[in-house]
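Spelled out, the chains give:
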Amino acid sequence: MAVVVSELTENVAGEHAQLVIPITLFVAVLCLCIVIGHLLQENQWVNESITAIFIGSITGTVILILSKWKSSHILTFNEELFFIYLLPPIIFNAGFQVKKKQFFHNFLTIMLFGVVGVFISSLIITSGSWWLFPRLKFHGLTARDYLVLGTIFSATDTVCTLQVLHQDETPLLYSLVFGEGVVNDATTVVLFNAIQKIDVTKLNSKAGLRLIVDFLYLFSTSTALGVTAGLLTAYALKTLYFGRQVTFMCFTRSKIVLWEISGYSQTVSVKFGIHWNLIFQFAYRHASIREIALMVLMAYLSYMLAELFELSGILTVFFCGIVMSHYAWHNVTDSSRITTRYLFAMMSFVAETFIFLYVGMDALDIEKWRISKLSFGTSVAIYATIILLMSLGRAAFVFPLSALSNYMNRRADRTYKITFRHQVIIWWAGLMRGAVSIALAFKQYTFSGVTMDPTDAVMITNTIIVVLFSTVVFGFLTKPLISYLLPNSAPNNLSREESKILKEDMNLPLLSFEESATTNILRAKDSLSMLIERPVYTIHYYWRRFDDAYMRPIFGGPISSSSSR
């Protein structure tokens, strides 16, 4: 009996060590990656994503040698780990940190790039690969695989470009690149989920219509869930304002104590004063903890509810972040405001670094390369084909949709135009692939990070190589390209005259019961004319008025037409 217990104890201890040691090593490498990235942050050619990939590759090489060419991993990647733990903080932080004034001012253009652009790019990549792969002697992909392939390589990663652009110097360009990046990720995941539901044996106009209907359903319901979660959090924080409640309680109790000790000496009063001050500070700190905890848990709850109802958690948590930043952020204490910004940014940064570090290691996974039976020349031809199709897919919608956006935002009194140089930068920013492409590829072609099918192994290696090449090579060239195209960046803001008119118009009511019906009708006609001539500006203008008049008084936030948050 004692021998059995001893063996059982040793087995448990061995399993514990097998779990703890890899996690310890990976966290140590993660810390090293952050330190080196900080030291290289001023480098013109290297950014944090490239740094993480290089360190991951070096670490993978060392592990590969020590394991006698058996494995390059410290940990085994699980696609569920990515979708449940790593992706939510990245997307939520993108929504929470977004500059909403610029984002919603350019909302229609961003949606054109991030939604319509994904469909155009996916169509070109799917059609091109379906036609070219058999000619490159690569067979075995199903119709669903080709559709998924177009979706995987339509997911952009604009981090490299955003690290170079300056929001104050190029607000329009920064807003478009950032906005398209986050909407693109959400749209790609929604489209990926919609493709899983269609019958690929009957690819016709009816199947295409079903795909669009499923996409619109997932997009709208996921957005509604995220907005609802954000508004519910804002209303709860505004109604249960922890900081204000604690202040009232301390004031009341302090008053009672001071009344009770009024007959004592001054020394006793000072001691009691210090005592109650310490209680106040302790309670106030706990109020901030509750506020932050509620925001974090509600954001994660919205994501998990979306996954539970088979919606898009990415889209849900993104819009939840926007709504929380717009309303809930103003209902918390000053310390909570500062803490939430750094907390969400930190979680997103660690998750992104984790992913790129793993990609660097996974590039040296010997097993996947052994299972793949394609020749070196065929593999290189496939990589080049995918990158070429990605470039064509980007160009097919960036330049036409930019022209359409310029036409829709035409105004005689406003300098608001996506120049050709801006269009080139937007096109270039979308050529890099990252975390979402990796996650979707693993979800489609592996089971818990492992695959034994040669065709699936080829698709995984294709994705890894394309992500590595686009991140490293295109990332290296991003700073020089932007420096060449935008040597003297100047702010692209509203003119002073327009800003003055906008502030004056914001003071007018949407509908006045104190004015005559004729005046209201004339105002409605002017509004309809403005909507036809300047749709984007008009929608944004009336939303701000509605927000100040109805939403902010209920859910929180400063009632100001010039709010930049």
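As the structure is a prediction and not an experimental result, all values here were calculated from the model.

(A) Geometry of the overall build of the protein. A tally of helices and strands in the protein yields 21 helices and 0 strands. Put simply, the protein has 565 residues, and 50% of those count as buried. Excluding contacts between residues fewer than 6 apart, the proportion of contacts in the protein whose partners are at least 24 apart in sequence is 83%. Surface accessibility of the protein: about 27,900 Å² in total, with carbon and sulfur atoms responsible for 68%.

(B) Broad picture of helix α2 (residues 48-66). For α2, built from 19 residues, the straight-helix expectation of 27 Å at 1.5 Å per residue is met to within 8% by its first-to-last C-alpha distance of 27 Å. Within α2, burial applies to Ser 49, Ile 50, Thr 51, Ala 52, Ile 53, Ile 55, Gly 56, Thr 59, Gly 60, Ile 63 and Leu 64. Positive phi appears at Lys 68, one or two residues downstream of α2, with a value of about 60°.

(C) Here's a closer look at the packing of aromatic side chains. Per the stated rule, a full pass over the model turns up 18 aromatic pairs. Put simply, the rings of Trp 130, Phe 133, Phe 138 and Tyr 146 touch in pairs and so form one group of aromatic residues. For Arg 337, the ring lying beneath its charged end belongs to Trp 329, and the centroid distance is 5.1 Å. In this structure, Arg 341 packs its charged tip against the face of Trp 329, placed 5.1 Å from the ring centre.

(D) Seen up close, the pattern of salt bridges. Following the criterion strictly, the structure yields 3 salt bridges and no others. With its nearest N and O atoms 4.0 Å apart, the salt bridge here joins Arg 337 to Asp 334. Here Arg 337 pairs with Asp 334, and both are found in helix α13 (residues 334-362), just 3 residues apart, close to one helical turn. Residue classification places Arg 337 among the partly exposed residues on the basis of a relative accessible area of 22%. The exposed category is assigned to Asp 334, whose relative accessible area is 54%.

(E) Expanded view of the packing of helix α9 (residues 205-239) against helix α12 (residues 313-326). Two elements in contact, α9 and α12, have axes whose closest approach is 7 Å; the angle formed by their N-to-C orientations is 35°. Crossing of α9 against α12: the hand is right-handed. Residues Phe 219, Ser 222, Thr 223, Leu 225, Gly 226, Val 227, Ala 229, Gly 230, Leu 231 and Thr 233 of α9 pack against Leu 315, Thr 316, Phe 319, Cys 320, Val 323 and Met 324 of α12. Looking at side-chain class alone, the contact of α9 with α12 contains 10 nonpolar, 6 polar and no charged residues.

(F) Layout of a nonpolar patch on the surface. Nonpolar side chains collect at one region of the surface, where Val 35, Leu 39 and Leu 40 lie side by side and expose about 280 Å² of accessible area between them. Looking at the element boundaries, Leu 40 is found in the loop between α1 (2-39) and α2.

(G) Seen up close, the state of the cysteines. For the structure on display, the rule yields 0 disulfides. Here Cys 31 stays free of any disulfide, with the sulfur of Cys 33 as its closest cysteine sulfur at 9.9 Å. A relative accessible area of 43% means that Cys 31 is categorised as partly exposed.

(H) Quick look at the confidence of the model for the protein. Overall, the predicted model of the protein reaches an average pLDDT of 75, with 71% of residues at or above 70. Helix α19 (residues 496-506) is the least confidently modelled element of the protein, averaging 41 in pLDDT, while helix α5 (residues 107-132) averages 91, the highest of any element. This stretch, residues 490-533, has a pLDDT under 50; its non-local contacts, to residues over four places away or in other chains, come to 55 contacts. Counted against residues more than four places away or in other chains, residues 561-565, with its pLDDT under 50, gives 16 contacts.

(I) Quick look at unusual backbone geometry. Its identity as a non-glycine residue notwithstanding, Lys 137 has a phi of 65°, on the positive side. Counting through the fold element by element, Lys 137 comes out in the loop between α5 and α6 (143-152). Look at Lys 137 and you get exposed, because its relative accessible area is 68%. In this model, Glu 310 sits at a positive phi of 60°, which is unusual for a non-glycine residue.

(J) How the structure looks around the environment of Gly 475. You can see Gly 475 is positioned in helix α18 (residues 454-485). Taking relative accessible area as the criterion, Gly 475 reaches 4% and is therefore assigned buried.

(K) Seen up close, the packing of helix α8 (residues 171-195) against helix α16 (residues 420-429). Running from N to C, α8 and α16 cross one another at 25°; their axes reach a closest spacing of 10 Å. Compared by their axis directions, α8 and α16 come out roughly parallel. Handedness of the crossing formed by α8 with α16: right-handed. Residue-level contacts link Leu 173, Leu 176, Val 177 and Glu 180 of α8 to His 422, Ile 425, Ile 426 and Ala 429 of α16. For the contact of α8 with α16, the class distribution of residues is 6 nonpolar, 1 polar and 1 charged.

(L) Representation of the side chain of Ser 402 in the model. Summarising the element assignment, Ser 402 is placed in helix α15 (residues 376-408). Leave out the neighbours within four places in its chain, and Ser 402 touches Phe 113, Phe 397, Ile 418 and Gln 423.

(M) Spatial organisation of the environment of Thr 385. The topology assignment puts Thr 385 in helix α15. With a relative accessible area of 11%, Thr 385 lands in the buried category. A C-alpha to C-alpha distance of 9.4 Å links Thr 385 and Ile 125, two positions 260 residues apart in sequence. Thr 385 has contacts with Leu 132, Phe 133 and Leu 136, leaving out every residue within four places of it along the chain.

The rules we used
- Residue indices begin from 1 for each chain and proceed along its sequence in written order.
- Two thresholds apply to this predicted model, a pLDDT of at least 70 for residue-level local features and 80 or more for giving and counting side-chain atom pairs, whereas whole-chain, interface and lining totals are computed over all residues.
- Processing note: side-chain calculations cover all non-hydrogen atoms of the structure and skip hydrogens and water entirely.
- To qualify as a helix, a DSSP run of H or I must reach at least 4 residues; to qualify as a strand, a run of E must reach at least 2; elements of each kind are numbered from the N terminus.
- Buried, partly exposed and exposed residues are distinguished by accessible area as a fraction of the type maximum, computed with a 1.4 Å probe on protein chains only: under 20%, between the cut-offs, and over 50%, respectively.
- Working rule for contacts: check all heavy atoms of both residues, and any pair within 4.5 Å makes them a contact.
- Per-residue accessibility takes into account occlusion by the displayed protein chains alone, with areas from the Shrake-Rupley method and a 1.4 Å probe.
- Take the number of residues in a helix, subtract one, and multiply by 1.5 Å to get its expected span.
- Classification of ring pairs uses Phe, Tyr and Trp, with its six-membered ring standing for Trp, and accepts pairs whose centres are within 6.5 Å; under 30 degrees between planes counts as stacked, over 60 as edge-to-face, and the remaining range as tilted.
- Only when the NZ atom of a Lys or the CZ atom of an Arg is both within 6 Å of the ring centre and within 35 degrees of the ring normal do we say a charge sits over the ring.
- For this analysis, a salt bridge means a side-chain nitrogen from Lys or Arg found within 4 Å of a carboxyl oxygen belonging to Asp or Glu.
- To obtain each axis, a line is fitted to C-alpha atoms, and for helices this fit is confined to the stretch in contact; angles are then taken between N-to-C directions over 0 to 180 degrees.
- Left-handed describes a crossing whose near helix is turned anticlockwise from the far helix by less than a right angle; the clockwise case is right-handed.
- Lys, Arg, Asp and Glu make up the charged group, whereas Ala, Val, Leu, Ile, Met, Phe, Trp, Tyr, Cys and Pro make up the nonpolar group; the residues left over, Gly among them, are polar.
- Exposure above 30% relative accessible area and the absence of a salt bridge qualify a residue for a patch, where like charges join within 9 Å and nonpolar side chains (Val, Leu, Ile, Met, Phe, Trp, Tyr) within 5 Å.
- Note on terminology: disulfide denotes any pair of cysteine sulfur atoms within 2.5 Å.
- A residue's pLDDT is the confidence the predictor assigns to it, expressed on a 0 to 100 scale.
- An angle below 35 degrees is read as roughly parallel, one above 145 as roughly antiparallel, one from 65 to 115 as roughly perpendicular, and any other as oblique.

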